[in-house]
Amino acid sequence: MTTQASSAPAPRERSRAARILTRRGFPLWSWLWFILGALYFILPLYATLDFSLRMERDTIGLKAYSAAFADPVFARTFGYSVLLAVVTILVSILLVVPTAYWIRLRLPEARRIVEFITLLPFVIPAIILVFGMIRIYSSPVNLPFTDIRLLAPLTTSKLGTNALIVAGYIVLGLPYMYRSVDTGMRTVDVRTLTEAAQSLGANWATIMVRVVLPNVRTALLSGALLTFAIVVGEVVLASYLGLPTFGPYLFLLGQHRAYEPAALTFTTFLLTWAAMGIIQLVTGGQGQVAGAH
Amino acid sequence: MAFLSIQHATKSFGQAAAVEDFNLEIERGELVSFLGPSGCGKTTTLRMVAGFEVPTSGRIELNGVNITNQAPNQRNVGMVFQAYALFPNMTVADNVGFGLKVGKKPKDEIQKRTAEMLGLIRMPQLGDRYPYQLSGGQQQRVALARALAIQPQVLLLDEPLSALDAKIRVELRSEIRRIQQTLGITTIYVTHDQEEALSISDRIVVMSAGRIEQVGTPFDIYNFPKTAFVASFVGTLNQLRCTVVDAGQGKLSFDGQTFTATAPIRAAAGASVIAALRPEELHFGQFDGENQLTGKVEAVTFLGGIVRIRMVLGQSQITLDALNERKLTLPKVGDMQLVSFPPHACWVMADS
């Protein structure tokens, strides 16, 4: 027993010493992988930036940027995409928040089914989705096995097509939106919070506005920003539905211009970074709250 | 007519009955504990009073009003949860004032009442803090203040101390009792911790498998358990399988030794029964008018205030608790010892 006790600490000390060595010395492998990873992301971005600054021969300048921004089509398509993104985010929130809430509260058995549905966009490519939508909604939709008309053809009207693309975007953003909202609700134990609020006399509207939404704000924001990024860069749905959004514009521009698409690509990178900065800023205090619970 | 009356309440989830035919009358200002192991139906019963569960059958009346099917937000019942359930996005003061704000009370009244509640839980300086800046014990105090701020008719506490460490638990339970008695508020306290239930309750409802086993004061529950379950669940109990020698005289035979229990015994001579004894009623040595049994010391555990000694008597094990004192001589493992107890300390339970 005594010999065991005296010999036991030796390997433990050795491993501690080894750990201190790697910490104090140079952790070669960790840094190597980190640098390789960073290069993988930074190099293409740097190349794009570098290229976008060389529109004029032998000088570094912002000409590609001014040229790209000067094109009225840029402003129009980008504005249109932002509008679609905002509508998509709002409808997604209206759809996802009550659904996730109700599943947490009353229908935990439905979670697997809903999670499966929200993951479908990862399995079914956007091209299949858009062909399916066009096939179904370009002719009138009838109640199955009857002649009762439910919907006029959607693709023939502007409003209908816009509704279709927003619906498509909601589907594409669903994995991110649902998961972040559901995780947010689990973190704050929304079910017990609801019961606490109920016992204090609150009705459903009050609970939603004062308890649920403020406590999943961070989750909503991250879901919303990911949805935003998807919508602004999306090409397939917009092209096949024939809508003048930013994605197809960038794609077309790339086919007959060289520098401007690079400038615009870099600009969208910056916008995404700005968005992530906003998340960090807003989640600072909120994250702690959720973590402490 | 009792202030809170639960009549024949039954709750089933699918085929499984969580609570069966629960009947209880609680007087105004009383603190009643629901005590039992996990899954005995105590929390389900509490949630029926809160309105989070609707009874499958039965009726619940509060102050003469039938609230069986009333929504939880219509009942004016304060609830404290095991997980605190403070709103993370609100300060302590906003949490405490939430129920009043929902009830559309004037601003100055909310402020006054919030300050009053924070004083009651002895945290008057911490109104501006957020829940994540508080310890578990402080969070639970705030949860208590929040539940009390709305001046509820009944206060419901669902294992409020389970998530806290032992020292805070003891402190907070006397704090809860003090506040409950100060306000004279009718309270139901759910716990699986018998010491907690014994120390703070006016009455205890011991539950098992969805049914009430016994209702009584802590003293009665501990000293006069009516069922084998209550006897073994509350406190430590020695159980000896004996044969009845003389039912009228209370004479029993155990492992070839004869002793006297509380008479009369409701069993015929020759029947096999269980004799029950609390460890603190047993002592070493020989005393006049007391029963004696001989056994072998198997383990001695020093617990500070008491010394717990496990002994083997024939085929059975018994536990003996001796009060600690500086002159105490601890028995040694393997010693043969004479154990004494008065006849009234031993009672016979129906063989289950």
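Fair warning: this is a prediction, and the values are worked out from it, not measured in the lab.

A. The arrangement of the overall build of chain B in detail. Of the regular secondary structure elements, chain B holds 8 helices and 20 strands. When the backbone C-alpha atoms are referred to their principal axes, chain B occupies close to 75 × 50 × 35 Å. Taken over 352 residues, chain B has a buried fraction of 40%. Restricting the contact set of chain B to residue pairs at least 6 apart, pairs at least 24 apart contribute 63%.

B. Seen up close, the overall build of chain A. If you tally the helices and strands in chain A, you get 14 helices and 2 strands. Counting across all 293 residues of chain A, residues that qualify as buried make up 29%. Considering only contacts within chain A whose residues lie at least 6 apart along the sequence, 73% involve residues at least 24 apart.

C. Expanded view of the nonpolar core. B:Leu156 and B:Ala275 are the most contacted members of the largest nonpolar core, which totals 149 residues. Here this core gets 12 residues from one element, more than from any other, and that element is helix α8 (residues 158–187) of chain A. Beyond its immediate stretch of four places on either side in the chain, B:Ala275 contacts B:Leu240, B:Cys242, B:Leu252, B:Ala261, B:Cys346 and B:Val348.

D. View of the interface of chain B and chain A. Facing the 20 residues of chain B at the interface are 21 residues of chain A. At the level of secondary structure, the elements contributing two or more residues to the side of chain B that touches chain A comprise β6 (77–80) and α2 (92–102) of chain B. Residue classes in the side of chain B that touches chain A are distributed as 15 nonpolar, 5 polar and no charged.

E. Seen up close, unusual backbone geometry. Each neighbour pair has its own omega, and for B:Ala263 with B:Pro264 the value is -5°, a cis peptide bond. Here B:Pro264 is to be found in the loop between β13 (257–260) and β14 (272–277). Non-glycine residue A:Asp189 carries a positive phi angle of around 50°. Of note, A:Asp189 is situated in the loop between α8 and α9 (190–199). A:Asp189 sits in the partly exposed class, given 19 other C-beta atoms within 10 Å. Its identity as a non-glycine residue notwithstanding, B:Gln151 has a phi of 50°, on the positive side. Along the polypeptide, B:Gln151 turns up in the loop between α4 (136–149) and β7 (154–158). Accessibility expressed as a C-beta count within 10 Å gives 13 for B:Gln151, which makes it partly exposed.

F. Highlighting the packing of α4(B) against helix α5 (residues 166–183) of chain B. All names here are of chain B. One can describe the packing of α4 onto α5 by two numbers: an axis separation of 11 Å at closest approach and a directional angle of 15°. Considering their axes alone, α4 and α5 lie roughly parallel with respect to each other. Pair α4 / α5 crosses with right-handed handedness. Across the interface between the two elements, Gly137, Gln140, Leu144 and Leu148 of α4 pack against Ile168, Leu172, Ile176, Ile179 and Leu183 of α5. Residue composition of the contact of α4 with α5, by class: 7 nonpolar, 2 polar and no charged.

G. Up close: the pairing of strand β8 (residues 186–191) of chain B. Residues and elements named next belong to chain B. A large share of β8 lies buried, amounting to 6 of its 6 residues. Burial along β8 is two-sided: the residues Thr186, Ile188 and Val190 and Thr187, Tyr189 and Thr191 are all buried. Sheet analysis places strand β3 (residues 31–35) next to β8, joined by 5 bridges and oriented parallel. Note that in β8 the partner of Leu35 across the bridge is Thr191.

H. Quick peek at the pairing of strand β19 (residues 336–341) of chain B. All names here are of chain B. By the bridge criterion, 2 bridges tie strand β15 (residues 283–284) to β19 in an arrangement that is antiparallel. Across the sheet, His283 pairs through a bridge with Ser340, a residue of β19. Where strand β16 (residues 291–302) meets β19, 6 bridges bridge the pair, whose relative direction is antiparallel. The residue of β19 that forms the bridge with Leu293 is Val339.

I. Quick look at the sheet that holds strand β17 (residues 306–313) of chain B. Taken together, the 5 strands give an open sheet; going across it, the order is β15-β19-β16-β17-β18 (chain B), and neighbouring strands pair in antiparallel fashion. Where the open sheet ends on each side, the last strands, each with one partner, are β15 and β18 (316–323) of chain B.

J. View of α5(B). All names here are of chain B. When the terminal C-alpha atoms of α5 are compared, their 26 Å separation across 18 residues agrees well with the 26 Å that a helix rising 1.5 Å per residue should span. Within the span of α5, buried status applies to Leu172, Arg173, Ile176, Ile179 and Gln180. For α5, the angular spread of buried residues about the axis comes to 130°, placing them on one side. Facing away from the buried surface of α5 by more than 90 degrees, the exposed residues are Lys167, Ser174, Arg178 and Thr182. Count one or two residues on from α5 and you reach Gly184, which has phi positive near 60°.

K. The confidence of the model for chain B, seen in detail. On average, residues of chain B score 92 in pLDDT, and 99% of them are at 70 or above. With a pTM of 0.79, the predicted complex shows an ipTM of 0.86.

L. Fine view of the packing of α2(B) against helix α3 (residues 107–120) of chain B. Residues and elements named next belong to chain B. Where α2 meets α3, the axes come as close as 9 Å, and the angle between the chain directions of the two elements is 130°. If you check the angle between α2 and α3, you find them oblique. Remark: the crossing between α2 and α3 carries right-handed chirality. Along its contact with α2, which presents Ala93, Val96, Gly97, Leu100 and Lys101, the element α3 presents Ile110, Arg113, Thr114, Met117 and Leu118. Grouping the amino acids of the contact of α2 with α3 by side-chain chemistry returns 6 nonpolar, 2 polar and 2 charged.

M. Looking closely at the sheet that holds strand β2 (residues 16–26) of chain B. Residues and elements named next belong to chain B. Pairing is antiparallel in the open sheet, where 4 strands are placed in the order β2-β1-β4-β5. The open sheet has two edge strands, β2 and β5 (65–66), and neither has a second partner. The pairing of strand β1 (residues 4–13) with β2 spans 7 bridges and is antiparallel. Note that in β2 the partner of Ser12 across the bridge is Ala17.

N. Broad picture of the environment of A:Gly79. Counting through the fold element by element, A:Gly79 comes out in helix α5 (residues 72–105). Taking the C-alpha atoms as reference points, A:Gly79 and A:Val232, 153 residues apart in sequence, are found 9.6 Å from one another.

O. Here's a closer look at α9(A). All names here are of chain A. The element α9 is largely enclosed, with a buried count of 8 among its 10 residues. Along α9, the residues classified as buried are Val190, Leu193, Thr194, Glu195, Ala196, Ala197, Gln198 and Ser199. The first or second residue beyond α9 is Gly201, which carries a positive phi of 100°.

P. Region of interest: the confidence of the model for chain A. All names here are of chain A. Averaged over every residue, the pLDDT of chain A is 84; residues scoring 70 or more account for 87%. Mean pLDDT per element in chain A: helix α1 (residues 2–7) is the minimum at 40, and α9 is the maximum at 94. Residue range residues 1–11 is modelled with pLDDT below 50. Its contacts to residues more than four positions away, or to other chains, number 0 contacts. Counting contacts from residues 285–293, a segment whose pLDDT is below 50, to residues more than four positions away or on other chains yields 17 contacts.

Here is what the cut-offs are and how they apply
Residues numbered from 1 in each chain as written. Chains lettered and ligands numbered in written order. Predicted model: local features only at pLDDT ≥ 70, side-chain atom pairs only at ≥ 80, totals over all residues. Helix = DSSP H or I, 4+ residues; strand = E, 2+ residues; numbered from the N terminus. Buried ≥ 20, exposed ≤ 12 C-beta atoms within 10 Å, placed from the backbone. Contact = placed C-beta atoms within 7 Å. Core = buried A, V, L, I, M, F, W, Y, C linked by C-beta atoms within 7 Å. Nonpolar A, V, L, I, M, F, W, Y, C, P; charged D, E, K, R; others polar. Axes fitted to C-alpha atoms, helices over the stretch in contact; angles between N-to-C directions. Parallel < 35°, antiparallel > 145°, perpendicular 65-115°, else oblique. Left-handed = near helix turned anticlockwise from the far one by under 90°. Pairing = 2+ DSSP bridges. Expected span 1.5 Å × (residues − 1). Arc of directions from axis to C-beta. pLDDT = per-residue confidence, 0-100.

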